[in-house]
Amino acid sequence: MNSFSDINAMRTWCRERHAESQSIGFVPTMGALHEGHLSLARQAKSQCDVCVVSIFVNPTQFAPNEDLSRYPRPLQHDLELLAGEGVDAVFLPTNASMYPAGFGSFVMPSPVGLSLEGQSRPDHFRGVTTVVMKLLQIVPASAAFFGQKDFQQLRVIQDMVRDLNVPTEIVPCPIVRDEDGLAMSSRNRYLSDEQRVTALAIPRALSRAAAAVAAGEINTAAIEQIMLESLSDCDSVDYAVVADSESLQPMRKFERPAVALIAARVGNTRLLDNRVL
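This text gives an overview of the structure that appears in the document. Starting from 1, residues in each chain are numbered consecutively following that chain's sequence as written. Where totals are concerned, whole chains, interfaces and linings use all residues; where local detail is concerned, this predicted model gives features only for residues with pLDDT of at least 70, and gives and counts side-chain atom pairs only at 80 or more. By convention in this description, side-chain values take in all heavy atoms of the structure and omit both hydrogens and water.

Here's the deal with the packing of aromatic side chains
Stated formally: Two rings from Phe, Tyr or Trp (for Trp, the six-membered ring) form a pair when their centres are within 6.5 Å of each other. A pair whose planes differ by under 30 degrees is stacked, one over 60 is edge-to-face, and the rest are tilted. Relative accessible area decides the class of each residue, using a 1.4 Å probe on protein chains only: under 20% of the type maximum gives buried, over 50% gives exposed, and in between gives partly exposed. Two thresholds decide whether a charge sits over a ring: the Lys NZ or Arg CZ must be within 6 Å of the ring centre and within 35 degrees of the ring normal.
The tally for this structure, following the rule as stated, stands at 5 aromatic pairs. The interplanar angle of 50 degrees and the centroid separation of 6.2 Å between the aromatic rings of Phe4 and Trp13 together place this pair among those described as tilted. Residue Phe4 shares its accessibility class with Trp13, and that shared class is buried. By way of ring pairs, the aromatic residues Phe56, Tyr99, Phe103 and Phe106 are connected into one cluster. Cation over ring: Arg17 sits above Trp13, and NZ or CZ is 4.7 Å from the ring centre. The side chain of Arg126 reaches across the aromatic face of Phe106, ending 3.8 Å from its centre.

Structure below.
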């Protein structure tokens, strides 16, 4: 597995692959890899000739009160996992190379990023769009693979690529869940055994929302109430909503493609999950 920290070296490697008419599949990550990330790498390898994974804990998507300093960074373990999956190259940029002195240009997210996470974390998606755009300039991939667990982030990136004519296909990949149903996340490691049991209320709430829709419920307020009642053991709920799956705008009635989205805290850990209805 090739490993690059230098931007120009990473670009050169990609250009050499393109010169050989090889397609590049790209998986941007912040490390602390789990089966969800590895499933993206497998999808990239199955769809493209070579697979590149980046590991970069992006500081611009963290608010001052968030957990940047304690975000897990088990780099050696991550590299072993990627080598085991047959990943062709890993990109490990530094903060200084990605955000050099005098850096001041940002990519603003589309309106789909204004609600939900955009309200809870106002500058979060600006950091996401900026770093993804930078990474796609360094790793000019044929396709980039993103998990659907961060559904709003996926929609923001899809809009950015469309609006700015980025020649990379964005490939959504299914949520990967542990055997107990909890969506895999690097932040799950913060949960105690007791907190993990509490966190199972989140996928349970989404299942109950889907069951209500299957039973014929079309009033989204009623579906949202079902989710809120299921989340009563969580320490707090930022949102539990049903939204249009394209615009992520609220819906009164379930009458077009929709997604149920939840952000809730268990202890100090903020967890996201969703289910397409």
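Overview of unusual backbone geometry
Counted only if it meets this: Going along the chain from the N terminus, every DSSP run of H or I of four or more residues is numbered as a helix, and every run of E of two or more is numbered as a strand.
In the Ramachandran plot, Ser21 falls in the positive-phi region, its phi being about 60 degrees despite a non-glycine side chain. Relative to the helices and strands, Ser21 is located in the loop between helix H1 (7–19) and strand S2 (24–29). Assessed through its relative accessible area of 64%, Ser21 is described here as exposed. Located in the positive-phi region is Leu116, a residue other than glycine, with phi close to 50 degrees.

With respect to the layout of surface pockets
Applied cut-off: The definitions used throughout rest on a 1 Å grid laid over the protein atoms alone, on which a cavity is an enclosed set of points accommodating a 1.4 Å probe that cannot get out and a pocket is an open set flanked by protein within 12 Å on both sides along at least five of seven lines; lining residues are those having an atom within 4 Å of a point. Grid points are joined across faces, edges and corners, and a volume is the space filled by probe spheres set on the points. Three classes are used, and their members are as follows: Ala, Val, Leu, Ile, Met, Phe, Trp, Tyr, Cys and Pro are nonpolar, Asp, Glu, Lys and Arg are charged, and the others, Gly among them, are polar.
There is about 160 Å³ of room inside the second largest pocket. Forming the walls of the second largest pocket are 13 residues, and the residues nearest its centre are Ile55, Phe56, Val57, Arg73 and Leu75. Across the lining of the second largest pocket, the residue classes break down as 10 nonpolar, 1 polar and 2 charged.

Some words on the sheet that holds strand S7 (residues 236–244)
Our working definition: DSSP calls a pair of strands paired once it identifies at least 2 bridges connecting them. Every axis in this analysis is a line fitted to C-alpha atoms, fitted for helices over the stretch in contact. Angles between the N-to-C directions lie between 0 and 180 degrees. In what follows, residue pairs with any heavy atoms lying within 4.5 Å of each other are defined as contacts.
The strand order S7-S8-S9 describes an open sheet built from 3 strands, whose pairing is antiparallel. Looking at strand neighbours, the two that pair on one side only are S7 and strand S9 (269–276), the edges of this open sheet. Each strand axis lies, on average, 10 degrees off the axis of its neighbour in the sheet, ignoring direction. With 8 bridges joining them, strand S8 (residues 258–266) and S9 adopt antiparallel strand pairing. Within the sheet, the bridge partner assigned to Leu261 lies in S9 and is Asn274. Its contacts with the sheet put helix H9 (residues 201–214) on S8 and S9, and the angle it makes with S9 is roughly 20 degrees.

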